[in-house]
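Architecture at a glance
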Amino acid sequence: MINRQERLVFSGATLLALGLNIFSFIALFPKAEVVIARETRLNKTARNSGWLSASFPVENFKAYTSAFGYRRSATGGDGWEFHSGLDIAVPQGSYIRNWWAGTVIKVGDRTACGTHIVIKSGQWEHTYCHMEGYVDTANGRRFLIDRPGGIQIWEGQTIPTGARIGRVGMTGRTTGPHLHWGLKYANNYVDPAMVLREMFSQQQIARGRANVNTQQSQVIIQESNNTPNFGY
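The notes below deal with the structure included here. (Residues numbered from 1 in each chain as written. Predicted model: local features only at pLDDT ≥ 70, side-chain atom pairs only at ≥ 80, totals over all residues. Heavy atoms only, no water.)

**Digging into the overall build of the protein**
A tally of helices and strands in the protein yields 3 helices and 17 strands. Counting across all 232 residues of the protein, residues that qualify as buried make up 42%. A separation of at least 24 residues holds for 68% of the contacts in the protein among residues at least 6 apart in sequence. (Helix = DSSP H or I, 4+ residues; strand = E, 2+ residues; numbered from the N terminus. Buried < 20%, exposed > 50% of the residue type's maximum accessible area, 1.4 Å probe, protein only. Contact = heavy atoms within 4.5 Å.)

Below you can see the structure in the form of structure tokens.
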């Protein structure tokens, strides 16, 4: 009987300690909005050896101004928003170059993305936002036109790697001239910074540089079927 009582006391103490530990662990969690903001799960790694000839997406690069992922609202407020691409600051009017050869599947304007182009290359989609110019229609086909820049891009048009596809402007939701560059693979978001590191690694290896960190070659894809895209 004494042993049974001792076991009960021990079990009670153990449960009490476990409960306190769980309570302490829960107290360490961030606020609900932060947890929700990070609900997108990392699910796989993609690698592609064909980026040796891929193009950096802008001319006259100045800086990276906003990374991929969740961030505070870019236009003020305390809310969180999902930023689906990489913001690259360049002087207004600088040319944008096509990252990888593909077909224009969409041109658009008058949205948060501003005047923009979406190009499909295999399972990859790359989006270019805040461009100069506007979208018009002729013979039932939509096209982006930037006359001062000498740019006219049609939906359905095939664009080679590195071709100039527009100029950086301030159309849409923006606080300064920059390119919002977004990437998707199989309809899932990809961090463009990781792709740029992969490109750099491949190009350095091809040039015989021995000090490349091979860990840079992992490109993370995030499930994004239910993730709203608020940030440009």
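After that view of the structure, there is still more to cover.
**Points about the sheet that holds strand 12 (residues 151-154)**
Spatial ordering of the open sheet is given by 10-11-12, a layout of 3 strands whose pairing is antiparallel. Only two strands of the sheet have a single partner each, and these edge strands are strand 10 (134-138) and strand 12. With direction set aside, neighbouring strand axes in the sheet form an average angle of 30°. Strand direction decides the pairing type here: strand 10 and strand 11 (residues 141-146), joined by 5 bridges, are antiparallel. Each bridged residue has a counterpart across the sheet, and for V135 the counterpart in strand 11 is L144. (Pairing = 2+ DSSP bridges. Axes fitted to C-alpha atoms, helices over the stretch in contact; angles between N-to-C directions.)

**A word on the pattern of salt bridges**
Evaluation of the coordinates by the stated rule reveals 5 salt bridges. For R164, the salt bridge is made with E59, and the minimal N-O distance between the two is 2.9 Å. In this pair, R164 is assigned in strand 14 (residues 164-167) and E59 in the loop between strand 1 (42-46) and strand 2 (63-66), connecting sequence segments 105 residues apart. A residue is classified by how much of its surface remains accessible, and R164, at 40% relative accessible area, is partly exposed. In this structure, R142 engages E155 in a salt bridge whose closest nitrogen and oxygen atoms are separated by 3.5 Å. Note that R142 is positioned in strand 11 and E155 in the loop between strand 12 and strand 13 (158-159), a separation of 13 residues in sequence. Classification of E155 as partly exposed rests on a relative accessible area of 23%. What emerges from the salt-bridge pattern is a single network uniting E59, R97 and R164. (Salt bridge = Lys/Arg side-chain N within 4 Å of Asp/Glu carboxyl O.)

Just geometry here; none of it tells us what the structure is for.
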